[in-house]
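A look at the structure
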Amino acid sequence: MEINIILNGEQVALEAPANETLLDTLRRCGVFSVKHGCETGECGACTVRLDGLPVTSCTLLAAQADGHRVGTAEALGEHPEQGWKHTDGLHPLQQAFIETGAIQCGYCTPAQLLAAQQLLEQTLNPSEAEVREALSGVLCRCTGYVKPVAAVLRAAAQMRGENVPPSGRRLAPPINMMELPTVMLDEPPADYAEPDTQTTTVLPKVSVARSVETQHVGAPEPKVDAVKLVQGKPAFVADVEMRGMLVGKLLHSPIAHGYIKHIDVSEARALPGVHAVLTYQDVPRVVHSTAGQSDPIPGPLDFVSLDRKMRFVGDRVAAVAAETEEIAQRALALIEVEYEELPFILDPRDAMQPGAPIIHDEPDYVPFDECDPTRNVAAHIHIELGDVDAAMQAADHVFEAEYEVPRVQQTPIEPFVCITHWDSDDRMVIRTSTQVPFHARRLLAPVLGLPVKRIRVIKPRIGGGFGNKQEVLIEDICAHLTIATGHPVKLEYTREEQFVASTSRHPMIVRMRTGVMADGSMVANEMRVLSDTGAYGNHALTVTGNTGHKCMSLYPANRGADGASHIRFVADVVYTNKPTSGAYRGYGVPQGFFPLESHMEHIARALGLDPLEFRLMNVVQAGEEHPMSKAWSEGREAHPELIRTNAITECARIGAEMIGWGNKRRRSGGAEEQRRGVGMALVMQGTAIPNLDMGAASIKINDDGSFNLLVGATDLGTGSDTVLTQMAAEVLGCPPSDFITYSSDTDFTPFDKGAYASSTTYISGAAVVEAARVVAGQIKAVAGRMLDVPPDEIVLAERQAWAADGRGVTLAEVALESLHHGSQHQIMGVGSFVSPDSPPPFAAQYAEVAVDTETGQVTVEKLVMVLDCGMIVNPTTATGQVEGGMTQALGYAVCEEMVFDEKGKLVNPRFGDYRIFTADEMPELQVRFIQTFEPTHPFGVKAVAEIPLDGVAPAVANAVYDAIGVQVPVIPLTPERVWGALNQG
Amino acid sequence: MLLNLKEYHRPASDPIPERSFDRVLTLLARPEVRTVVLAGGDTLLASADDSIRAVVDLQSLDLNHLAQDAAEGALRIGAMVTRAALAQDETACGLSSGVLSEGAGHWGGNVQRNRATVGGAVVVAQSNDPLLLALLACDTTVRLYTQAGYLMLGLADFLSQRSRILATPALVVELRVPLGAPAQRGALAYVARTASDAPIVAAYAVVEAAEGRCVRARLALGGVADLPLIASGAMARLSDHPLTRTAIAEAASLAARDLTPPGDYRGSSEYRRAMAEVLSTRVLRQAAALTA
């Protein structure tokens, strides 16, 4: 049917089938700012303005829009300079989103802009609550809504005609760990002009011992990709169109465990418009792992593209490629499958019981290390430091308790999406939303029967990943369909598939046992973990190993007479017939810190100690050896590491002041049914995998003195492209705007292991610095010749190469000289970096809660996080990382949980039922950085991306404990769980 | 995707509304083509119901009216009025301490409420929908159009018979909410995983008191049965009695006593029954306090 709409002010006539949504129609017509995030209208990424009102377009038939005005972000504003053509430029909202750092992955940004635009058309004096209300229908998984709210308030001020000062500011210089300064809280600076929001981010105020002079590193530079994202440009995988492109779809298993007894795809294949239907009978059986990790894969090879055996509800049965989504869906419905069901395992406690069903009994299973598929053990870890049993015996008290953490989903707003095609050289091009393009290429080669050199993986912008996309999850199927059909194929998950057939955080049951002396000195610590890897063992070993490696290192348990650490970590990672667990930001560490920090709280209370002082008495210090470093390194050879920088004590003290620790603990008060409490947790993480994670970069100069910076690192919304550019700019003495930064394409960009393990700023950043130093050397050589001075006397600054006498040549002049005039050569450098160290970032997290003692409902009112993440390259992107991470972790604490029925089917595979926080219900967030200079990195950085996930749940749980006097050992802290704890007698 | 949807109908407005309503009913009555009403679309499209062959979009039928009818002493709400519009409506905001407005606003986010309609809420009849509870507490009447003409039904009666009535077919065209006595006060309480989440259990009370005695009380509970319900026993206990803490506690106990709520992952049956009493007590006390 024909529909007529006024699209962004222009009358257009569109053809749309009766069942097509407005989202699909608009995207089919090239309106790519409107994004697909779900099919139920709950994420809001598809928001358009219908007759001025922001509404979701995925639950609106195109026909319903007939005769109406439809507005999208394409009409907001555009780049002001387009060659000889000048435009009105960006809308103040777009500009404010860029300036405040409100854009991370940028996938939901167009929707947020439209919702905000409508608000500002109603009032230019919105309150923060009104802004939050306006944004409440658009889910954002990256930002914690802090900066989008600030951006809207800033735009409103600008539109009111106020003179709004530049956004953001530098942080205080670092602490010199060799000479720790007195920490002093200063008054906020007079020039602090950010809008005052509920979730105010207050930048650090710490007195310092020494400073490092930098121009671009440490500056709140706007993201290098912000301008395109704020315009909703077609930057994501799904925004690519190709002639003859087919739609790929998967048929998923309805049973938890069993075999395909009989499968008939003849009717599906015969359906007009269907180009291929693939089952286990059609593609080679190549056992592999989907985990995006370095070679060799530290886990079992237990997965094939299509198998006869089903191992969870959602496992792959068949794949279809068809000319349209509708035909593909019809084809799936025509596939007849008869299953032979087997007994299944849903509770990990049943997995190792005698007689339990064996989930992986295939003969081609390739074990790794201590995995034992005959007992459903995907990985077993046993780390022993010192004589734990003797130390426990010598302890005055031994405390023991069990805790449980749930399976949760990363829920990037952009689901998994991939496009594959053969290029003109018969090479397989895989354009995919991945965190690991180079690992994807390596892992897919044998699966597809292609050598690595015949595969090209392109990573465009990514709409969030959070570890989820450290999995090579759908690329194989998409490529199989391209091989089968010869056509380009696009495979994009629905939200339900994203929940059911993707990966999630490992649920764990954790038993703690801790030996403590009467004065609170910890002398022995033991953690025993039962971890559920689900149907496949992709990240089984490494995630759970990380649980022990990071968490159990925070307290070395070396406060006994012998001064040695006595730590035991034992883990069984078992297969069950549930969706596969995988990488999720934090990578096993949040699962460990909830039990550890809950247990610490319990011990402190039992001994009558202040939980803060008890922790600080036992926490690891700078100058100590990382306790677990020599015992374990993700399944590879371990080497001892020294902790060189550690401001955890300062973090804890400042955080305590920010939350009001001394005044607010153990209060009872408020209304009869409301009790309040505060809680805390100390946490640490790592920075990359030592002696393994490698990143590389190349830089070349252009005629005008600009540079191409090519990195294999994968910016999944974190801002890594920006901070890498800032480091290159620092070395080369020019602004970040002089760089064209590109990531990543296995044909063009140097190798990088990808975005995981909190490694990019540290590893890839050092590689960029190395490449930039090579380029700087070449520039100085050319400039030296031009100025007739030795190269080592040249200094690069302000886009020029300067001699000591004040003469200088511009980088453009240097470029022209080297490219066109004399001793011609391309100024270009490559750098790579791998580190023997994984310097841990540290942090203190605090929470303040109100508990309704009649209903059990927990309201988190305030979260504080104070971090030592080394030097901060970009305060705006770094605080954004922390705010977003804290918000995800808040969901882990109180509301997020994947729930299954008795047959293993997920009962809440959609937003809403699976609750993530919205803009209008956020607590106050406060973030501060205590900068230290980590000497193993040229700019002193450590990781910031994952540590915000680690301590919110225990801090909230400990605050609830403080409020009600009862510990709840299971998260999320749902109303019924808290109510149950209150009423347990 | 509504995979098998082939027909989209949007009947035009007619000076005589019944003529356009008749066209809707004719379409809905076709036995060979499963046809359903399309209001906002969120619930329908999210259902991905493959059995649906045709939809009838009500957007042109002038069912967006939202006005106070002084003669009838009611707020008349067209079926296509959105939750956002109702949440912001001045009359709704002033009615029984704003319970109607609050109920309309507590659902999804801003962009979702801009499409979700009041008529859709009544037809979908989600047990924990605060808007439905508010409408029940306010003693709302549903105006339906059927092949036999208009039909008025109390909301509670409509909800209990809704499948049968809608299959006749019938079209929800309007809701009428009594304006109530000026002294009428209301309160909402709910428990949820987060502040803006859909309630696990919710309670609404509207109370009118005079000289310390309850003239009229209506208590609605959600999340405790397949449909939202009116706690008749509790209302009877309070009627013409002083609104003491004891009376309210007894009424709340009565409200919860015979419930056998279906449990799910957000709250077990036991928990929901317990919350029914807790929240009933809370809203009755709050409403009573407001009348004082």
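Residues numbered from 1 in each chain as written. Chains lettered and ligands numbered in written order. Predicted model: local features only at pLDDT ≥ 70, side-chain atom pairs only at ≥ 80, totals over all residues.

**Regarding the overall build of chain A**
Per the secondary structure count, chain A includes 24 helices and 33 strands. Each principal axis of the C-alpha atoms in chain A carries an extent, and together these give about 85 × 75 × 60 Å. Classification of the 985 residues of chain A by burial places 64% in the buried group. The long-range fraction of contacts in chain A, counting pairs at least 24 apart against all pairs at least 6 apart in sequence, stands at 80%. (Helix = DSSP H or I, 4+ residues; strand = E, 2+ residues; numbered from the N terminus. Buried ≥ 20, exposed ≤ 12 C-beta atoms within 10 Å, placed from the backbone. Contact = placed C-beta atoms within 7 Å.)

**Notes on the overall build of chain B**
Assigned secondary structure in chain B consists of twelve helices and twelve strands. Taken over the C-alpha trace, chain B has a radius of gyration of 19 Å; the compact-globule value for 292 residues is 19 Å, and the two agree within 12%. Along the longest, intermediate and shortest principal axes, the C-alpha atoms of chain B span 60 × 45 × 35 Å. The 292 residues of chain B split such that 58% are buried. Taking as baseline every contact in chain B between residues at least 6 positions apart, the subset at least 24 positions apart corresponds to 63%. (Rg over C-alpha atoms; globule rule 2.2 N^0.38 Å.)

**Digging into the interface of chain B and chain A**
Chain B puts 34 residues into the contact, and the matching count from chain A is 47 residues. Among the residues making up the side of chain B that touches chain A, the classes are represented as 16 nonpolar, eleven polar and seven charged. (Nonpolar A, V, L, I, M, F, W, Y, C, P; charged D, E, K, R; others polar.)

**A short note on the sheet that holds strand E5 (residues 69–71) of chain A**
Residues and elements named next belong to chain A. Spatially, E2-E1-E5-E3-E4 is the arrangement adopted by the five strands of the open sheet, whose pairing is mixed. The sheet is open, and its two borders are formed by strand E2 (10–15) and strand E4 (53–56), each paired with just one other strand. Between one strand and the next, the sheet's axes are offset by a mean angle of 40°, whatever the strand orientation. Inspection of the sheet shows strand E3 (residues 47–50) paired to E4 by four bridges, in the antiparallel sense. Considered in E4, the bridge of Val48 is made with Val55. (Pairing = 2+ DSSP bridges. Axes fitted to C-alpha atoms, helices over the stretch in contact; angles between N-to-C directions.)

**Some words on helix H22 (residues 875–894) of chain A**
Every α-helix carries 3.6 residues per turn, so stepping three or four residues along brings you back to the same face. For H22(A), with 20 residues, the first-to-last C-alpha span of 28 Å sits near the 28 Å given by 1.5 Å per residue. Within H22(A), 20 of the 20 residues are buried, which leaves it mostly tucked inside the rest of the structure. (Expected span 1.5 Å × (residues − 1).)

**Things to note about helix H5 (residues 146–159) of chain A**
All names here are of chain A. With 14 residues, H5 should reach 20 Å at 1.5 Å per residue; the first-to-last C-alpha distance of 20 Å fits that figure. Across the 14 residues that make up H5, a large majority, eleven, are buried. Of all the positions in H5, only Val146, Lys147, Pro148, Val149, Ala150, Ala151, Val152, Leu153, Arg154, Ala155 and Ala156 are classed as buried. After H5 finishes, the residue Gly161 shows a positive phi value of roughly 95°.

**Observations regarding the packing of helix H11 (residues 437–448) of chain A against helix H12 (residues 475–485) of chain A**
Working note: a packed helix pair is described by the angle between its axes plus the distance between those axes. Residues and elements named next belong to chain A. Two elements in contact, H11 and H12, have axes separated by 10 Å at closest approach and are oriented at 45°. Between H11 and H12, the angle falls in the class oblique. For the element pair H11 and H12, the recorded crossing hand is right-handed. Residue-level inspection shows Ala440, Leu444, Val447 and Leu448 of H11 in contact with H12, the latter providing Glu475, Asp476, Ala479 and Ile483. Each residue belonging to the contact of H11 with H12 can be placed in one class, and the counts come to six nonpolar, no polar and two charged. (Parallel < 35°, antiparallel > 145°, perpendicular 65-115°, else oblique. Left-handed = near helix turned anticlockwise from the far one by under 90°.)

**Some thoughts on the sheet that holds strand E11 (residues 309–310) of chain A**
Within the open sheet, the three strands sit side by side as E11-E9-E13 (chain A). Their pairing is antiparallel. At either end of the open sheet lies a strand with only one pairing partner, and these are E11 and strand E13 (336–341) of chain A.

**Quick look at the nonpolar core**
Core analysis: the largest hydrophobic core is formed by 424 residues, its most contacted members being A:Val320, A:Val956, A:Val960, B:Ala205 and B:Leu219. Per-element tally for this core: the top contributor is helix H20 (residues 760–787) of chain A, with 16 residues. B:Ala205 has contacts with B:Ala137, B:Gly186, B:Ala187, B:Ala217, B:Arg218, B:Leu219, B:Val283, B:Leu284 and B:Ala287, leaving out every residue within four places of it along the chain. (Core = buried A, V, L, I, M, F, W, Y, C linked by C-beta atoms within 7 Å.)

**A few points about the environment of A:Ala102**
All names here are of chain A. Mapped onto the elements, Ala102 comes out in the loop between helix H2 (92–100) and helix H3 (109–122). Among the residues examined, Ala102 registers 34 C-beta atoms within 10 Å and is labelled buried. The residues contacting Ala102, other than those within four sequence positions of it, are Phe97, Thr143, Lys147, Pro148 and Ala151.

**Describing the pairing of strand E11 (residues 213–222) of chain B**
Residue and element names in this part refer to chain B. Among the ten residues in E11, seven count as buried, and that is most of the element. Looking at chain direction, strand E10 (residues 201–210) and E11 are connected through nine bridges and run antiparallel. In the strand pairing of E11, Val206 is matched with Arg218. The antiparallel pairing of E10 with E11 creates a hairpin that spans two residues between the two strands, and Glu211 there sits at a positive phi of about 50°. Where E11 meets strand E12 (residues 229–230), two bridges bridge the pair, whose relative direction is antiparallel.

**Comments concerning the confidence of the model for chain A**
The pLDDT averaged across chain A works out to 94; a share of 95% of its residues lies at or above 70. Of the regions scoring below 50 in pLDDT, residues 178–193 of chain A engages in 19 contacts with residues more than four places distant in sequence or in other chains. (pLDDT = per-residue confidence, 0-100.)

**Overview of the packing of helix H14 (residues 540–551) of chain A against helix H15 (residues 589–607) of chain A**
Residue and element names in this part refer to chain A. Two numbers describe how H14 lies on H15: the axes approach to 7 Å, and their chain directions differ by 50°. In terms of orientation, H14 lies oblique with respect to H15. Taken as a pair, H14 and H15 cross one another with a handedness that is right-handed. Between H14, through Asn546, Thr547, Gly548, Lys550 and Cys551, and H15, the contact on the second element is made entirely by Val589, Gln591, Gly592, Phe593 and Leu596.

**Let's talk about the environment of B:Met152**
All names here are of chain B. Here Met152 lies in strand E7 (residues 149–154). Among the residues examined, Met152 registers 12 C-beta atoms within 10 Å and is labelled exposed. Distance in space between the C-alpha atoms of Met152 and Leu243 is 32 Å, their sequence separation being 91 residues. If we ignore the near neighbours within four places in the chain, the residues touching Met152 are Thr141 and Arg143.

**Some details on the confidence of the model for chain B**
Put simply, chain B has an average pLDDT of 96, and 100% of its residues get 70 or more. As a predicted assembly, this complex carries a pTM of 0.96 together with an ipTM value of 0.97.

**Brief notes about unusual backbone geometry**
For the bond from A:Ser743 to A:Ser744, the omega torsion is -15°, close enough to zero to count as cis. In this structure, A:Ser744 sits in the loop between strand E26 (739–742) and H20. For the peptide bond that leads from B:Thr168 to B:Pro169, omega is 0°, which places it in the cis range. Topologically, B:Pro169 is positioned in the loop between helix H9 (155–166) and strand E8 (170–178). Even without being a glycine, B:Ala125 presents a positive backbone phi close to 55°. Tracing the chain through its elements places B:Ala125 in the loop between helix H7 (118–124) and helix H8 (130–137).

**Side note on the environment of B:Ala209**
All names here are of chain B. Of note, Ala209 is situated in strand E10. Under the C-beta neighbour-count criterion, Ala209 is labelled buried, with 22 such atoms within 10 Å. Each C-alpha atom of the pair Ala209 and Ala79 lies 31 Å from the other, and the pair is 130 residues apart in sequence. Leaving out residues up to four positions away in the same chain, Ala209 has contacts with Ala183, Cys214, Val215, Leu243, Ala288 and Thr291.

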